[in-house]
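# Summary of the model geometry
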Amino acid sequence: SQTIHQWPATLVQPVGSPLSLECTVEGTSNPNLYWYRQAAGRGLQLLFYSVGIGQISSEVPQNLSASRPQDRQFILSSKKLLLSDSGFYLCAWSVEGGSGETQYFGPGTRLLVL
Amino acid sequence: RKEVEQDPGPFNVPEGATVAFNCTYSNSASQSFFWYRQDCRKEPKLLMSVYSSGNEDGRFTAQLNRASQYISLLIRDSKLSDSATYLCVVNHQGKFYFGSGTKLNVKP
């Protein structure tokens, strides 16, 4: 069965510090991968999605970037964090199936920028 | 206009009640539809896909009305464990659009 891992689970970082969040998927090949952010009490905001290695689409201009160095690895980065980057970061994967494309989420990383 | 709109609630209901949530979507060409459940400080989890003919999974029934562009979720015989935020999700050309969620509180 497929599983998705994210780490770390929780992170506290000072403003201006760099960021690297990692997500890996097991048990599937060539998934579509997504990074979302959820601010406290708010809905999910799509940040990036990727349909293959090295293919990244950015949805929201900001100081974050994403990379997909391997088929089942998706990395979210920042060179300098802002206070507004605080939130719950969720990685998700999807694959086309018999009933259409369905999306599954990792456990998330809770980031607090101070 | 948001792609997917939901009443944020909260819906406060007693155990055993029947409760219904609706959501509307703006893109008539949307291809697939889902309800997710999100517990506090956890990731969203797929509750059920929604099909045009309507579908049922135990106490949960989902309906899709393409003509009116709305999706519904009915929960019968509510349990305390049903307390969560329910997210309506629409897929259009490979992108998933999420509603902000409807909060449900089931009280003893």
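The sections below set out a description of the structure shown in this document. Keep in mind it's a predicted model, so treat the numbers as computed, not measured.

Residues and elements named next belong to chain A. Residue placement: Cys23 occurs in strand 3 (residues 19-26). According to the relative accessible area criterion, Cys23 is buried, its value standing at 1%. Taking the C-alpha atoms as reference points, Cys23 and Gly106, 83 residues apart in sequence, are found 7.9 Å from one another. In contact with Cys23, other than residues within four places in its own chain, are Ile4, His5, Gln6, Trp35, Arg72, Gln73, Phe74 and Cys91.

Pairing between the strands of a sheet is mediated by backbone hydrogen bonds and can be parallel or antiparallel. Residue and element names in this part refer to chain B. If you walk across this open sheet you meet the five strands as 1-3-8-7-6, and the pairing is antiparallel. Edge strands, defined here as strands with exactly one partner in the open sheet, are strand 1 (4-6) and strand 6 (55-57). On average, each strand axis in the sheet is inclined to that of its neighbour by 20 degrees, with strand direction left out of account. Here strand 7 (residues 60-65) runs beside strand 8 (residues 70-75); their pairing, made up of six bridges, is antiparallel. Note on strand 8: the bridge partner recorded for Gln63 is Ser72.

Across the contact, 17 residues belong to chain B and 19 residues belong to chain A. Summed over both sides, the interface of chain B with chain A buries roughly 1,500 Å², with 56% coming from carbon and sulfur. Remark: the boundary between chain B and chain A carries one salt bridge. Between Glu59 of chain A and Lys95 of chain B there is a salt bridge whose closest N-O contact spans 3.0 Å. Applying the counting rule to chain B against chain A returns five residue pairs in polar contact (both at pLDDT 80 or more).

Turning our attention to the pairing of strand 1 (residues 3-7) of chain A. Here is the key point about a regular strand: its side chains alternate between the two faces of the sheet. All names here are of chain A. Alternating positions in strand 1 separate cleanly, Ile4 and Gln6 being buried on one face and Thr3, His5 and Trp7 remaining unburied on the opposite face. Inspection of the sheet shows strand 1 paired to strand 3 by five bridges, in the antiparallel sense. Bridge pairing in strand 3 links His5 to Thr24.

Our focus in this paragraph is the nonpolar core. Of all hydrophobic cores here, the largest spans 23 residues; its most connected members are Phe21, Trp35, Ile71, Leu73, Ile75, Tyr86 and Leu104 of chain B. Mapped onto this core, the elements with two or more residues apiece are strand 3 (19-25), strand 4 (32-38), strand 5 (45-50), strand 7, strand 8, strand 9 (84-92) and strand 11 (102-107) of chain B. Residues contacting Ile71 of chain B, with those up to four places away along its chain left out, are Phe21, Asn22, Cys23, Tyr25, Phe33, Trp35, Val50, Gln63, Leu64, Cys88 and Val90 of chain B. Membership of the second largest hydrophobic core comes to 20 residues, among which are Leu19, Ala66, Phe74 and Cys91 of chain A.

Analysis parameters
- Residues numbered from 1 in each chain as written.
- Chains lettered and ligands numbered in written order.
- Predicted model: local features only at pLDDT ≥ 70, side-chain atom pairs only at ≥ 80, totals over all residues.
- Heavy atoms only, no water.
- Helix = DSSP H or I, 4+ residues; strand = E, 2+ residues; numbered from the N terminus.
- Buried < 20%, exposed > 50% of the residue type's maximum accessible area, 1.4 Å probe, protein only.
- Contact = heavy atoms within 4.5 Å.
- Pairing = 2+ DSSP bridges.
- Axes fitted to C-alpha atoms, helices over the stretch in contact; angles between N-to-C directions.
- Buried area = accessible area lost by both parts, 1.4 Å probe.
- Salt bridge = Lys/Arg side-chain N within 4 Å of Asp/Glu carboxyl O.
- Polar contact = N/O pair within 3.5 Å; in protein donor to acceptor, adjacent residues only side chain to side chain.
- Core = buried A, V, L, I, M, F, W, Y, C linked by side-chain atoms within 4.5 Å.

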